[in-house]
Amino acid sequence: MERFWNKFKKYHIIRGAFSKLVVLLVLFGLVPMILLTVLSYHASRKIITQQILRLNQAAFSDLDIRISSFANSLYTMNALCILDEQIQREVVKIYDYPTNEQIINTKAIEDKLKQFSLIMGNSDFQLTIMGRGGLEAYCGTRTPRVTYEELKDQTWCQELLKSGSQSLWLIGNPLSGNEEEHVLTFVSVIPTLGSGIPIPKSGKEGGLFFFTMTEEMLYQQYERLLSAGIEISLADGQGRYISSSHKELLGDSLTEEQLSVMLSFPGDREKIIEDRDRITIVKKLEKADWYCMYTINTFQSLKEVRSLYRQFVGLLVFSVAFYIVLSAVIINIFTRPLIKLNKKFASHFKEKNSNNGSKTGQGELYYNYELLIQTLDHTVQELLKNENAKRLAELSALQMQINPHFLYNTLNTIKCLSWTGQTEKIVPTTDALISLFRQTIGTAETVIPLREELECVKNYVFLQQMRTGHGLELTVHQSENTAEALVPKLLLQPIVENAVFHGIEPRGTDGRITVFVSKAGSILNIEIDDDGVGMDENTLREFEHASGGGARFSGVGINNIRERIRLMYGEEYGISITSQPGMGTQIVIRIPYYTDKRGI
């Protein structure tokens, strides 16, 4: 390590390479690993949290149903009591002193209370009716310790009678002086007979109905839903805990922030509140003006994820230290030959290095490397120039392979037309010959529009018709926007020529050649079909590799065309041939679609 540090201070190349390697390590190693770690942690946390929430959604729905059912049962019992006509009559009756009638009527009302209490089951609760006229009837073991008039002096009772809200919930038992702990009391106003509901603010109430229960009664509604990591609480509209699986919360209140969140709930919709290690599902129960809170402690569930995260961070720190040491070792190994290379460069370009000034270390290596690149670039440019010249020569040679026998045979055909008196065919035959030569050897262009190549094919077929006297039909099917597509000169004529000589003439009868041109995206497809004698596999193999020759127009073979396409466009383009004896031959050309020579 000491030797490396000495070299580090001596050579610019080592310092530059080490610095760049460290930067690359940070950018492409450390930063992605940190991002991956953080993203993986948050993604895992979110997935596990969503899974926990999904698994507990059914339990919360069950809790909602149980508490709502309990509240509905209570409100049903309350309605039966306060709307009973006998109770409405008795609460306003005034007795100067206890009479048998009062005792009998009170007993009848208490019997009704016992009957109505069956709606709530056999839980521990107390029903009490306090009448304006002095009636005190109860169902339970605890008797009231206060009178009706004393109750009316209490603040909650005055607010209840003035607001006309019909009912409210109290924490504690106002009938016993609020001496009992963990007790809830539901209070509702009993109207006088015929006054209806709501109670007018004039104070014409008949009495008060009390439903007093212990917190344990509410706890029993959700006890079986509790498990490890699950907390369930109920809070009233003022934010006070009225029941909770954590008994120490009873009597406490929600924080202002929690209460503001509760009060912002729209209607009875559920709301999910996520903290660091807790998920709370909250829903408001409109009838009771309660908030039902189902809290899931995710700390244990996410414990393994956090542990894995810490291990990964530790591994990351270790990896950084390891890679820094490894970088020093690698730099020491790889810069040794670079220093030797730099010395060789200096000796090779000694004359040019005399003008290099005071460049040392890394700058000297870069300078020598640039000289080498310039030399290689000059050599490559010369090779490319020679290769392009060779390619153009090959293309020109292929295009200029016009067989003199074709010209001789065509001129002989014109002479025969003159001898036989078919002078009307001499002019079109001569025009076709002139056009054919103009299109093939009259220009130096290597690519021409497809319409010109097809015109060349038509002229050639016409001359063959004049030469043989047989019926030779040429049909072209061309899709839109293909007429101006650029194709290599003499691309189709040699193929049509082979179709005539190898396919149709050996049959000795009339023949048909069909050309299909289509465009598929950026590809131009040209298909040439003939109904000639066809070929077996061996003949087809020889035909594909033939280089041309014979008494033909151009002497260009299929192999020549394939090579021209490869030279111009690349290996992915070319020709495919399908043929069967007696079924004709199909040749498909596949080249890129261009309309501008700059694209080739």
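Thresholds applied
- Residues numbered from 1 in each chain as written.
- Predicted model: local features only at pLDDT ≥ 70, side-chain atom pairs only at ≥ 80, totals over all residues.
- Heavy atoms only, no water.
- Buried < 20%, exposed > 50% of the residue type's maximum accessible area, 1.4 Å probe, protein only.
- Helix = DSSP H or I, 4+ residues; strand = E, 2+ residues; numbered from the N terminus.
- Pairing = 2+ DSSP bridges.
- Polar contact = N/O pair within 3.5 Å; in protein donor to acceptor, adjacent residues only side chain to side chain.
- Phe/Tyr/Trp six-rings, centres within 6.5 Å; stacked < 30°, edge-to-face > 60°.
- Lys NZ or Arg CZ within 6 Å of the ring centre and 35° of its normal.
- Salt bridge = Lys/Arg side-chain N within 4 Å of Asp/Glu carboxyl O.
- pLDDT = per-residue confidence, 0-100.
- Contact = heavy atoms within 4.5 Å.
- Axes fitted to C-alpha atoms, helices over the stretch in contact; angles between N-to-C directions.

## Description of the pairing of strand β1 (residues 125-131)
The side chains of a regular strand alternate, first on one face of the sheet and then on the other.
Then, number 1: Burial of β1 is extensive: seven of the seven residues sit out of reach of the surface.
Then, number 2: Covered by surrounding structure in β1 are Phe 125, Leu 127, Ile 129 and Gly 131 together with Gln 126, Thr 128 and Met 130, the residues of both alternating faces.
Then, number 3: In the sheet, β1 pairs with strand β5 (residues 205-214) via seven bridges, with the strands oriented antiparallel. Looking at β5, one finds that Ile 129 is bridged to Phe 209.
Then, number 4: Alignment of β1 against strand β2 (residues 136-139), held across four bridges, turns out to be antiparallel. Paired with Ile 129 across the two strands is Ala 137, which belongs to β2.
Then, number 5: Taking the residues between adjacent antiparallel strands as the criterion, β1 and β2 are bridged by four residues, where Gly 134 takes a positive phi near 115°.

## Structural notes on unusual backbone geometry
Then, number 1: Here the phi dihedral of Asn 481 falls at roughly 65°; this positive angle occurs in a residue that is not glycine.
Then, number 2: Along the polypeptide, Asn 481 turns up in the loop between β12 (472-478) and β13 (486-488).
Then, number 3: Asn 481 gets classed as exposed once you look at its relative accessible area, which sits at 61%.
Then, number 4: The backbone phi angle of Leu 490 is positive, close to 60°, even though this residue is not glycine.
Then, number 5: For Leu 490, the location among the structural elements is in the loop between β13 and α15 (493-504).
Then, number 6: The exposure class of Leu 490 is buried, given its relative accessible area of 1%.

## Comments concerning the environment of Thr 76
Then, number 1: Considering the arrangement of structural elements, one finds Thr 76 in helix α2 (residues 12-82).
Then, number 2: Given the relative accessible area of 41%, Thr 76 is considered partly exposed.
Then, number 3: Along the backbone, Thr 76 and Phe 116 are 40 residues apart, and their C-alpha atoms lie at a distance of 9.1 Å.
Then, number 4: A polar contact is formed between the side chain of Thr 76 and the backbone oxygen of Asn 72, at a distance of 2.7 Å.

## Notes on the packing of aromatic side chains
Then, number 1: Following the criterion strictly, the structure yields eight aromatic pairs and no others.
Then, number 2: Summarising the aromatic geometry, the rings of Tyr 75 and Phe 186 are spaced 5.3 Å apart at their centres and angled 80° between planes, so their arrangement reads as edge-to-face. Of this pair, Tyr 75 sits in helix α2 while Phe 186 is found in strand β4 (residues 183-191), placing the two residues 111 residues apart along the sequence. We note that Tyr 75, like Phe 186, is buried.
Then, number 3: Ring centres 5.2 Å apart and planes at 35° place the aromatic pair Phe 125 and Phe 211 in the tilted group. Taken together, the residues span a long stretch of sequence, with Phe 125 in strand β1 and Phe 211 in strand β5 at a distance of 86 residues.
Then, number 4: A network of ring pairs unites the aromatic residues Tyr 75, Trp 169, Phe 186 and Trp 290 as a single cluster.
Then, number 5: Residue placement shows Lys 247 over the ring face of Tyr 219; its charged tip is 3.8 Å from the ring centre.
Then, number 6: Lying across the ring of Tyr 593, Lys 519 places its NZ or CZ 5.0 Å from the centre.

## Side note on the pattern of salt bridges
Then, number 1: For the coordinates displayed, the defined rule picks out 16 salt bridges.
Then, number 2: A salt bridge links Asp 62 to Arg 224, with the nearest nitrogen and oxygen atoms 2.9 Å apart. Taken together, the positions of Asp 62 in helix α2 and Arg 224 in the loop between α7 (215-222) and β6 (230-236) put the pair 162 residues apart, joining distant regions of the chain.
Then, number 3: Close ionic contact of Glu 452 with Arg 451 constitutes a salt bridge, the shortest N to O distance being 3.8 Å.
Then, number 4: The partly exposed category is assigned to Glu 452, whose relative accessible area is 30%.
Then, number 5: Here the residues in one salt-bridge network are Asp 62, Arg 66 and Arg 224, joined through shared partners.

## Here's the deal with the pairing of strand β17 (residues 584-592)
Then, number 1: In the sheet, strand β15 (residues 523-530) pairs with β17 via eight bridges, with the strands oriented antiparallel. Pairing of Glu 527 across the sheet is with Val 588, part of β17.
Then, number 2: Of the pairings in the sheet, the one linking strand β16 (residues 574-580) to β17 comprises seven bridges and is antiparallel in character. Considered in β17, the bridge of Ser 579 is made with Thr 585.

## What about the confidence of the model for the protein chain?
Then, number 1: Looking at the protein chain, pLDDT values average 78 and 78% of them are 70 or higher.
Then, number 2: Within the protein chain, helix α1 (residues 2-10) has the poorest average pLDDT of any element, 49, and β15 the best, 94.
Then, number 3: Across residues 7-11, confidence stays below pLDDT 50; counting only partners more than four residues off in sequence or on other chains, it has nine contacts.
Then, number 4: In this model residues 197-202 is a low-confidence stretch, pLDDT under 50, and it forms 16 contacts with partners more than four residues away in sequence or in other chains.

## Remarks on the sheet that holds β6
Then, number 1: Here we have five strands laid out as an open sheet, ordered β7-β6-β10-β9-β8, and antiparallel in their pairing. Where the open sheet ends on each side, the last strands, each with one partner, are β7 (241-244) and β8 (271-274). Put simply, the sheet's adjacent strands are angled 20° from each other on average, direction ignored.
Then, number 2: One ladder, built from seven bridges, connects β6 with strand β10 (residues 290-297); its direction is antiparallel. Of the residues in β10, the one forming a bridge with Leu 234 is Cys 292.
Then, number 3: Lying on the sheet, α7 is in contact with β6, β7 and β10; it crosses β7 at an angle near 50°.
Then, number 4: The strands touched by helix α8 (residues 256-263) within the sheet are β8, β9 (278-285) and β10, with β10 carrying the most contacts at an inclination of about 115°.

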